[in-house]
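# Tertiary structure, described
These are the residues of each chain, in order.
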Amino acid sequence: MENIESEIHNNQFTKLLLESISEGIFILDMNGKIILWNLAMEKITGYSAYEVEGKSCRILDFNKCFGKECPGGMGECDILEYERKGPTECLLSHKDGYAISVRKNARVIKNIKGKIIGVVEVVTDITELEKTKLKMEETTRRLGGVNICGGIVAKSDIMQNVFSFIKASASTNTTVLIEGESGTGKELVASAIHSMSERRNNPMITVNCGALPESLLESELFGHIKGAFTNANNNRIGRFEMANGGTIFLDEIGDITPYIQVKLLRVLQQKEIERVGESKKRKIDIRVIAATNKNLKTLVDKGIFREDLYYRLKVFPIFLPPLRKRKEDISLLVDHFIKINNQGKNPKVKGISKSAIKFFMDYSWPGNVRELINAIEYAFVLSPGKQIEIEDIPPEIRTQNLEFKENRIYEKKLDFNKIDKKKLTNLLKECDWNKAEVARQIGKSRTLVWKYMKKWDIPLRKEEL
């Protein structure tokens, strides 16, 4: 009986037809080996037919094979059971190492007696389509001015970039390092990545690495066996095993000791762990997301943090800006948190006054979004059933704002007689080129500000700089 390879090679029309089709097509025999690879597949993947002939399709490293990872062999492949699969959107690895977005279909090939003799897969490059979709999303964000990504609310350009990074990293299993000050929402970003990834139906396990001493953290991460140490009365699995198939989020990764750094490096390199007190290696399938409010590079330079671990973690870095760097999001966040606090509360807060919002906009928010959330909750206690006013704002925010404003205005008025081009230009930059605000801060008329700008040839608009 002829096998699929001989049938294809004996049919010249079939071979010519496959070569003329613009979609990528490859055919596998019953051993899961590639026996045909058309010109479109060469163009899409960079691999020639000669390079892949006789090899498994695993060479393409599809990030999912019709809903799961690529099986070990043809006998484990669902296509033989269901006879056709797809269409499915996924990523494959180009010969040069980068990922390509594709849509693929597959179906079995039968001989005239109805016996399965192989599998044909059709691959369509949708890279340009994905780029178009991203452009459309960007346009939608620009027009709407607001975006929500995995529960994170923002409209500032800097956060739209963060949203793009979240979506990009969610489509891979790459290790992610989230950097940012305390309270910026690093755990929210990790959760967003997990919820948009292929692992979303599996657990996301969170570990605060800075909250536990070395001995407890080791047991927490890797588990232990009975008798491994005092009070180890039973076997216990660690967080890595709990996260198997899903994601583990290691918060405050900059606080781990050199010993834990070595063990974590081994996990990232070999994808296996050993429980405390046991020499048996256990394979794990996890995606690692780490976060820190410290500068890990500085810790590396000081010899506190391992350089090899640093680069293993920082495969795909995401930086979360502090709230003071994205103040255009503050009013949006305030409205969002008011809505959240209004759920199930009676009487409800009606909103926030313009003067109170002005206080929020002028505040530096050292505690970032977490501090803003607490400020709204504080205001809810003082202003049930009415609008949030300045007197409902936490005292430390009111005090810092008033002291800051008084000092700034006093300094500007005191120094205005000594003002020069550089000082005026700096002040204009601080006020985003708002001449009226500059005049208000220095206690002079806007006409005088314009006069000095003309005298020193300072551009009237910041775009003209």
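These lines cover the structure that appears in this document, whether it is placed above or below. (Residues numbered from 1 in each chain as written. Predicted model: local features only at pLDDT ≥ 70, side-chain atom pairs only at ≥ 80, totals over all residues. Heavy atoms only, no water.)

## What to know about helix 16 (residues 368–382)
Its 15 residues place the ends of helix 16 22 Å apart at the C-alpha level, agreeing with the 21 Å of an ideal helix rising 1.5 Å per residue. Looking only at helix 16, the buried set comprises Asn368, Val369, Glu371, Leu372, Ala375, Ile376, Ala379 and Phe380. (Helix = DSSP H or I, 4+ residues; strand = E, 2+ residues; numbered from the N terminus. Expected span 1.5 Å × (residues − 1). Buried < 20%, exposed > 50% of the residue type's maximum accessible area, 1.4 Å probe, protein only.)

## Structural notes on the packing of aromatic side chains
Inspection of the entire model under this criterion finds seven aromatic pairs. Arranged with centres 4.9 Å apart and planes meeting at 65°, the rings of Tyr310 and Tyr311 form a pair that is edge-to-face. Tyr310 gets classed as buried once you look at its relative accessible area, which sits at 5%. An angle of 85° between the planes, with centres 4.7 Å apart, marks the rings of Tyr363 and Trp365 as edge-to-face. Taken as a pair, Tyr363 and Trp365 share a single burial class, namely buried. (Phe/Tyr/Trp six-rings, centres within 6.5 Å; stacked < 30°, edge-to-face > 60°.)

## Re the nonpolar core
The biggest cluster of nonpolar side chains holds 30 residues, and the ones touching the most others in it are Phe240, Leu250, Ile253, Ile256 and Phe305. Those elements that place two or more of their residues in this core are strand 9 (204–208), helix 9 (214–222), strand 12 (247–251), helix 11 (258–270), strand 15 (287–292), helix 12 (296–301) and helix 13 (307–313). It is helix 11 that contributes the most residues to this core, five residues altogether. Ignoring sequence-local partners within four residues, the contact set of Phe305 consists of Ile253, Gly254, Ile256, Gln261, Leu296, Leu299, Val300, Tyr310 and Leu313. Core analysis: the second largest hydrophobic core is formed by 25 residues, Leu332, Val334, Val349 and Phe360 among them. (Core = buried A, V, L, I, M, F, W, Y, C linked by side-chain atoms within 4.5 Å. Contact = heavy atoms within 4.5 Å.)

## Describing the pattern of salt bridges
Summed over all chains, the structure comprises 19 salt bridges. Two residues, Glu121 and Lys104, come together in a salt bridge whose shortest N-O distance is 3.5 Å. Here Glu121, found in strand 5 (residues 116–125), pairs with Lys104, found in strand 4 (residues 99–110); they are 17 residues apart in sequence, far enough to count as distant. In this structure, Glu121 and Lys104 share a single accessibility class: buried. Glu241 is paired through a salt bridge with Arg275; the nearest N and O atoms lie 2.9 Å apart. Of this pair, Glu241 sits in helix 10 (residues 239–242) while Arg275 sits in the loop between strand 13 (272–273) and strand 14 (282–283), and the two are 34 residues apart along the sequence. Residues participating in the shared-partner salt-bridge network are Glu220, Arg236 and Arg239. (Salt bridge = Lys/Arg side-chain N within 4 Å of Asp/Glu carboxyl O.)

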